[in-house]
Amino acid sequence: MGITGIRQEDLEIKAVAVYSDLEPAGSFRCSNEDLNRLQSNLVWSGKDNFVDIPTDCPQRDDRQGWTGDIALFASTACFNFDMSRFLGKWLLDLTTEQTEDGALPFVIPSRKGITPVMTTSCWGDSCILVPWALYLANGDKELLERRYPSMKKYLKDVRRWAAMSEGEFGTPNILKHPFQFGDWCAPYGAVPDWLARGPWTGTPYYYNSCRLVSKIASILGYEEDSRSYEALAEKINEDYLLAFTDETGRMKEEFQTAYVLPLHFGMGTETQRRTMAQRLWALIEENGSHLNTGFTATPYILFALADNGFAGEAYELLLQDGDPSWLYPIHQGATTIWEQWGSIQPDSSIRESSLNHYAYGAVGDFFYRRVCGLEPVEAGYRRFRVKPVTGGDLQFAECEHKSPFGWIRVRWERREETFRLRITVPVSTVCQVVMPNGEEKTIGSGSYEFEQVVTAYA
């Protein structure tokens with residue numbers, strides 16, 4: 001539809017971006033302009049969807065607070081913006097919407113009589129993943145205290161539903177019921193295929209949430225709770241491996257997401273994890289060195305590789321530009337993150353999906369935590385680590401983040417066999433530096449520069 005009734009030369013159009021007043025808290029830049037565009041796109045998709053509540057998309061009738069999207073994107077959002085007030089308010093909405101038995105709507109705020117209210121992994125885990133991301137960013141222990149009852153109620157209901165799997169899997173710790181989104185929006189198949197992966201996605205998320213709530217309980221001084229959740233996590237781990245893998249760690253039914261989640265969440269023995277990582281990369285290679293994962297696993301696939309001996313391969317995957325990949329939309333002219341990998345096809349035809357959906361923008365976490373290597377060791381960055389993982393064609397990368405103590409800045413560059421690292425450490429914080437050759441240093445506040453000879457990069 002065009003504009004009529006005015007000459008083109010007299011037409012003036014002004015577009016205004018509308019989003020909640022969020023203070024910028026971080027940035028990322030590197031020598032690869034495609035990755036810089038990807039960083040810009042994920043920031044804009046965040047802004048566009050942070051309008052009073054964290055929506056899934058701003059441009060169609062949906063525009064709702066889908067819990068799974070923010071569960072996955074919260075950590076990336078907390079690096080780029082001060083999300084304390086925005087997500088703090090939304091978590092109040094979440095608590096208000098939670099039922100007495102612990103179930104949560106898929107969408108918060110919910111549409112009464114329309115929004116399904118049931119316990120489902122990842123989406124429901126937002127009651128744990130979002131406050132944990134906030135806590136790591138700002139160190140607000142009181143936030144955890146306020147949210148802790150909601151976490152316990154949710155996990156109690158998860159446990160109730162997982163118990164219903166015993167007849168099918170021989171254990172009460174496989175999360176299949178009442179509903180799982182599974183490998184949602186994966187590049188393969190359609191909705192029934194994604195949903196069928198539910199037990200492989202639901203159970204690792206159940207394990208991960210028990211581990212996180214065990215940590216949170218310990219932080220809050222609830223040691224008995226902490227031990228209970230840790231013991232439950234270990235049982236889930238054992239039962240998942242028994243149900244879905246052979247004794248070596250190879251999946252009885254292989255697909256990428258089935259390996260990504262247990263790898264990233266730390267399930268299995270060291271030997272089993274080695275097998276999982278090898279099989280994950282083999283599946284990626286079989287797929288033309290492309291990912292084949294949906295919402296629940298994509299934020300973690302690069303971590304699963306890089307943290308398990310496949311750092312170079314993680315970069316190879318990150319820098320793919322064919323469909324499906326993070327860079328394919330960039331080469332199609334995207335200025336935001338898409339809901340589905342091939343939303344715009346090479347022939348310019350458009351699939352029925354959103355073109356502004358930040359979930360896959362959670363790859364930003366890998367930029368900050370692995371490419372630049374900046375990661376909190378203690379909540380609020382009172383203690384943090386800088387351990388860059390270099391690779392691909394990157395000649396430099398830099399990021400900065402405004403912690404509660406001030407700005408942290410990291411920049412590395414490599415020229416031939418010389419690796420140089422610059423770090424700014426705020427007052428009252430401590431940084432653990434890990435160089436590419438494994439050399440470690442502990443430094444206090446100030447500005448530093450380190451250099452070493454590196455003959456081989458990832």
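Residues numbered from 1 in each chain as written. Predicted model: local features only at pLDDT ≥ 70, side-chain atom pairs only at ≥ 80, totals over all residues. Heavy atoms only, no water.

Peer 1: When you look at the nonpolar core in this model, what are you seeing that I'm missing?
Peer 2: Here is a general trend for soluble globular proteins: nonpolar side chains tend to be buried in one another's company. Formed by 142 residues in total, the largest nonpolar core has its most connected members in Phe50, Met83, Trp326, Phe367 and Leu421. Apart from the residues lying within four places of it in its own chain, the contact partners of Met83 are Leu22, Phe50, Ala77, Cys78, Gly88 and Leu134. (Core = buried A, V, L, I, M, F, W, Y, C linked by side-chain atoms within 4.5 Å. Buried < 20%, exposed > 50% of the residue type's maximum accessible area, 1.4 Å probe, protein only. Contact = heavy atoms within 4.5 Å.)

Peer 1: Hey, could you run me through a nonpolar patch on the surface in this one?
Peer 2: Taken together, the side chains of Val16, Val18, Tyr19, Trp44 and Val51 make up a nonpolar region of the molecular surface, amounting to roughly 450 Å² of accessible area. Tracing the chain through its elements places Trp44 in helix H1 (residues 33–49). (Patch = residues over 30% accessible without salt bridge, like charges linked within 9 Å, V, L, I, M, F, W, Y side chains within 5 Å. Areas by Shrake-Rupley, 256 points an atom, 1.4 Å probe, with all protein chains shown as cover. Salt bridge = Lys/Arg side-chain N within 4 Å of Asp/Glu carboxyl O. Helix = DSSP H or I, 4+ residues; strand = E, 2+ residues; numbered from the N terminus.)

Peer 1: Any chance you could explain the packing of aromatic side chains here in plain terms?
Peer 2: In this description, a pair of aromatic rings is defined by centroid distance and the angle of the planes. If you walk through the whole model with that rule in mind, you get 34 aromatic pairs. Between Trp132 and Tyr135, the ring centres sit 5.6 Å apart and the planes meet at 35°, which makes this aromatic pair tilted. Taken together, the positions of Trp132 and Tyr135, both in helix H4 (residues 126–138) and three residues apart, correspond to about one turn of that helix. Among the residues examined, Trp132 registers a relative accessible area of 15% and is labelled buried. Centre to centre, the rings of Phe367 and Tyr368 are 6.4 Å apart; their planes meet at 85°, and the pair counts as edge-to-face. Both residues of the pair, Phe367 and Tyr368, belong to the buried class. Members of the aromatic cluster, each reached through a chain of ring pairs, are Trp66, Phe106, Trp123, Phe179, Phe181, Trp184 and Trp194. Seen from the ring of Trp44, Lys47 lies directly overhead, with NZ or CZ sitting 4.5 Å from the centre. If you follow Arg197 out to its NZ or CZ, it ends over the ring of Phe255, 3.8 Å from the centre. (Phe/Tyr/Trp six-rings, centres within 6.5 Å; stacked < 30°, edge-to-face > 60°. Lys NZ or Arg CZ within 6 Å of the ring centre and 35° of its normal.)

Peer 1: Where do I start with the layout of surface pockets in this structure?
Peer 2: One simple way to see leftover space: roll a probe sized like a water molecule over the atoms. There is about 1100 Å³ of room inside the largest pocket. Residue lining of the largest pocket: 42 residues in total, with Trp132, Leu136, His264, Arg369 and Glu375 positioned closest to the centre. When contributions to the lining of the largest pocket are tallied by element, the ones reaching two or more residues are helix H2 (67–80), H4, helix H8 (198–220), helix H10 (256–265), helix H15 (364–371) and strand E4 (374–376). In terms of residue count, the dominant contributor to the lining of the largest pocket is H2 (seven residues). A per-class count over the lining of the largest pocket returns 25 nonpolar, seven polar and 10 charged. (1 Å grid on protein atoms, 1.4 Å probe; cavity = no way out; pocket = protein on both sides within 12 Å on 5 of 7 lines; lining within 4 Å. Points joined across faces, edges and corners; volume = space filled by probe spheres on them. Nonpolar A, V, L, I, M, F, W, Y, C, P; charged D, E, K, R; others polar.)

Spatial relationships are all this shows, so hold off on functional conclusions.
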